[in-house]
Amino acid sequence: MLLLVLLQSLLRKKKAYPPGPRGLPIIGNMLMMKQLTHKGLAKLARQYGSVLHLRMGLLHMVAISNAEAAREVLQVQDNIFSNRPATMAITYLTYNGADMSFAQYGPVWRQMRKLCVTKLFSRNRDATWSTVRDEVRAVVRALGLRNGDSVNVRDALFDLTKNVVYCAAFGSRLEEGKDRFGRILVEFSKLFGAFNVADFFPFLAWVDPHGFNPRLTKARAALDGFIDNIIQEHVLNNTHNCAACPQQYDIIDEMLALHTDQVQFTKDNIRGLTMDLMFGGTETVALTIEWVMAELMRNPLDLKRVQQELADVVGLHRHVEDSDMEHLTYLKCAIKETLRLHPPIPLLLHETAEEATVAGYLIPKKSRVLINAWAISRDSERWEDPDEFKPSRFLNPHAPDFKGAHFEFIPFGSGRRSCPGMQLGIFMLELAVAHFLHSFTWELPCGMKAAEMDMSDVFGLTVPRASQLVAVPTTRLLCPL
Ligand code: HEM
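Residues numbered from 1 in each chain as written. Predicted model: local features only at pLDDT ≥ 70, side-chain atom pairs only at ≥ 80, totals over all residues.

Looking at an unreviewed UniProt entry, the chain carries the name Cytochrome P450 84A1, with the source organism given as Psophocarpus tetragonolobus. UniProt's Cofactor (unreviewed entry) comment on the chain is quoted here verbatim: "heme". (UniProt positions renumbered as here; feature names shortened; annotations may be inferred.)

(A) Fine view of the sheet that holds strand S1 (residues 51–56). On the basis of which strands lie adjacent, the open sheet formed by four strands has the order S1-S2-S7-S4 and mixed pairing. Two strands lie at the open edges of the sheet, namely S1 and strand S4 (347–351), each paired on one side alone. For this sheet the average axis-to-axis angle between neighbouring strands, irrespective of direction, equals 25 degrees. Looking at chain direction, strand S2 (residues 59–64) and strand S7 (residues 368–372) are connected through four bridges and run parallel. What sits directly across from Met-61, in S7, is Arg-368. Contacts from helix H2 (residues 38–48) reach S1, S2, S4 and S7, with the element oriented near 95 degrees to S7. (Pairing = 2+ DSSP bridges. Helix = DSSP H or I, 4+ residues; strand = E, 2+ residues; numbered from the N terminus. Axes fitted to C-alpha atoms, helices over the stretch in contact; angles between N-to-C directions. Contact = placed C-beta atoms within 7 Å.)

(B) Structural detail: the nonpolar core. By size, the foremost hydrophobic cluster in this structure holds 116 residues, and its most contacted members are Ile-64, Ala-70, Val-73, Ile-289, Ile-371, Ala-432 and Val-433. At 14 residues, the largest contribution of residues to this core is made by helix H11 (residues 267–298). With sequence-adjacent residues up to four places away left out, Ile-289 is seen in contact with Leu-157, Leu-429, Ala-432 and Val-433. (Core = buried A, V, L, I, M, F, W, Y, C linked by C-beta atoms within 7 Å. Buried ≥ 20, exposed ≤ 12 C-beta atoms within 10 Å, placed from the backbone.)

(C) Representation of the site of the ligand within the structure. Among the 25 residues in the neighbourhood of the ligand, the closest are listed as Gly-280, Gly-413, Cys-419, Gly-421 and Gly-425. Among the elements of the structure, H11 and helix H15 (422–439) are those that each provide at least two residues to the shell around the ligand. It is H11 that contributes the most residues to the shell around the ligand, seven residues altogether. Here the shell around the ligand is composed, by residue class, of 13 nonpolar, nine polar and three charged. (Near = placed C-beta within 6 Å. Nonpolar A, V, L, I, M, F, W, Y, C, P; charged D, E, K, R; others polar.)

Structure (structure tokens):
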């Protein structure tokens with residue numbers, strides 16, 4: 001019996017961490033920090049394997065770079081892999097996980113997820129979908145005024161998505177707050193992505209060599225002040241009791257109604273969820289539309305095909321309507337191909353709730369798990385010419401879909417922590433691209449050639465183009481914009 005126990009424990013000890021570059025004593029692989037981007041991790045995966053282990057100080061980190069391992073983590077063992085890593089900045093800025101994106105998997109997260117899916121981002125919330133239509137048309141009209149001029153496409157797109165989410169969340173009453181809120185988000189984004197030594201050596205938190213703690217306090221106080229003002233205004237106007245006038249009933253009203261009905265839905269939940277909405281809904285969508293436009297301008301034959309389809313399906317005497325979308329097959333292929341080449345969130349951040357085994361390797365409890373969606377959707381074992389922009393590959397009825405069932409293509413994630421705003425995101429993407437390409441022909445400025453376009457990206461929580469897209473729109477519609 002004793003022998004059996006000994007043998008068992010010996011066998012257990014044999015299970016090893018996944019392969020990875022050798023680290024130094026104490027700090028492990030921390031000197032490699034700069035290499036840990038979507039591209040850097042893909043390169044390391046080619047050297048060490050698709051399940052890769054690194055040690056950052058006291059923290060275990062695992063990077064997943066192929067579809068089989070992603071399925072193992074996001075589907076087969078999703079009960080173990082559905083937490084989010086809580087860095088010091090995330091914990092503080094999300095009111096200790098009172099939002100949804102960074103909440104630990106459990107009953108509070110479940111309640112918020114249900115609220116988002118059934119109410120806040122739901123297709124039944126007509127007001128949000130109408131806001132998207134109105135704002136897209138407003139940008140088209142504004143672009144029409146710049147007919148023949150160079151336009152900074154990125155600025156126009158960020159204004160568009162910020163306006164949509166701002167109107168959906170706060171109603172249109174608070175125009176003057178938009179810039180202030182934009183500044184708060186930029187600082188939050190920087191703090192989320194910043195290196196903090198205390199995340200890897202928690203006992204060093206008090207040293208704070210980078211002056212991180214005062215910045216955190218200031219950033220959260222700014223958000224508190226901003227959202228509390230809005231809440232107060234909504235309470236004073238009593239709009240959350242005004243379900244009869246839905247055009248004024250915004251997402252803050254929905255949450256305030258819950259706050260009164262259900263005591264456990266706190267003010268911190270309202271603050272946290274509002275932040276999720278702004279983060280989730282603005283950058284991802286804006287930078288994807290920019291990538292679609294850029295890829296099409298670099299591939300003029302595909303651009304021509306999408307515009308011909310628009311002319312055939314819609315004609316040039318009226319604007320695109322929702323009902324046209326199902327017939328715009330090639331346009332949808334171009335959007336899918338862009339999401340494959342440029343998933344806006346390249347690394348999905350998860351954490352293990354307990355010890356697990358993936359591909360035969362040991363993944364310790366509380367490991368930080370980075371699922372490299374970018375590397376997975378460029379895997380040459382699964383995709384022909386993986387680095388080429390070829391929308392026609394999605395004309396094949398057996399091509400993978402991006403909704404989470406095919407693990408070689410997961411721009412919205414998959415499983416429990418997948419994107420709850422996917423439907424809204426796809427609607428914004430498709431409608432905006434359709435209107436922009438239907439209303440205008442687009443050319444590069446100053447005689448620039450398609451082949452000269454810079455298609456590199458910048459790594460962060462999201463991956464925008466390194467250079468902002470500048471292009472010249474010329475009206476092509478034969479009806480008023
Ligand atoms: C192009 C559009 C979008 C893309 C590609 C996208 C992608 C993603 C991805 C990859 C995740 C993480 C999945 C994971 O960790 O496994 C995520 C989570 C999330 N997204 Fe999106 N997203 C988009 C639009 C939106 C929109 C429009 C909203 C809301 C208005 C939104 C709200 C969220 C939230 C709240 C989460 C966190 C969910 C959780 O942790 O439970 N997203 N999204």
